[in-house]
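Per-entry structural report
Chain by chain, the residues:
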Amino acid sequence: MVRTDHNKMGKILTTLRVTNRIDEANAESGLITKEQVRSITLHKVLVDTGATTLCLPKDIIAQLGLDLLRVVDVTTATGLSTAGVFQDAKISLCGREGTFECLELPGGRNPLIGVIPLEALGLELDLQNQTLKVLLSKSLDTYLTIL
């Protein structure tokens, strides 16, 4: 079990690293140096089961240099609006890594991580203990299934 930061019962905050996967590939190919790979560690990221994917403020997306994939309609607490979907955001969380799309948050709100990356990384919420539980990836109890 990985302990995360917390403020109150039922709310999970965590630390994650986000890297521009295209930069990483370019460094692996020798097109840029490893020092030129854009990456940021984010603290107090809300684990939000009401959100679908990784959501980052515009300034962090710009700092990472993520490329716009498309503009979509999104439902927020304030109603319907549009937001950019950016590609190739590599997440490192609880010893697991994966590359995901990222939705731009309106108005500089705090970063959050939704259910798609959590499920893909094999992470489960333990709200009672305010932690993320790392699910098994090997053995008969693996969270990975093909039916």
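Residues numbered from 1 in each chain as written. Predicted model: local features only at pLDDT ≥ 70, side-chain atom pairs only at ≥ 80, totals over all residues. Heavy atoms only, no water.

Under the counting rule described, the total for this entry stands at six salt bridges. With its nearest N and O atoms 3.0 Å apart, the salt bridge here joins glutamate 24 to arginine 21. With a gap of three residues between them, glutamate 24 and arginine 21 both fall in helix α1 (residues 21–28), about one helical turn apart. Arginine 21 gets classed as partly exposed once you look at its relative accessible area, which sits at 25%. (Salt bridge = Lys/Arg side-chain N within 4 Å of Asp/Glu carboxyl O. Helix = DSSP H or I, 4+ residues; strand = E, 2+ residues; numbered from the N terminus. Buried < 20%, exposed > 50% of the residue type's maximum accessible area, 1.4 Å probe, protein only.)

To continue, consider the side chain of threonine 53. Here threonine 53 is to be found in the loop between β3 (39–47) and β4 (54–57). When near neighbours in sequence (up to four residues on either side) are disregarded, threonine 53 contacts Glu101, Leu103, Leu112, Ile113, Gly114 and Pro117. (Contact = heavy atoms within 4.5 Å.)

What follows concerns the side chain of aspartate 23. Along the chain, aspartate 23 turns up in helix α1. Look at aspartate 23 and you get buried, because its relative accessible area is 5%. When near neighbours in sequence (up to four residues on either side) are disregarded, aspartate 23 contacts Ile32, Gln36, Val37, Arg38 and Leu64.

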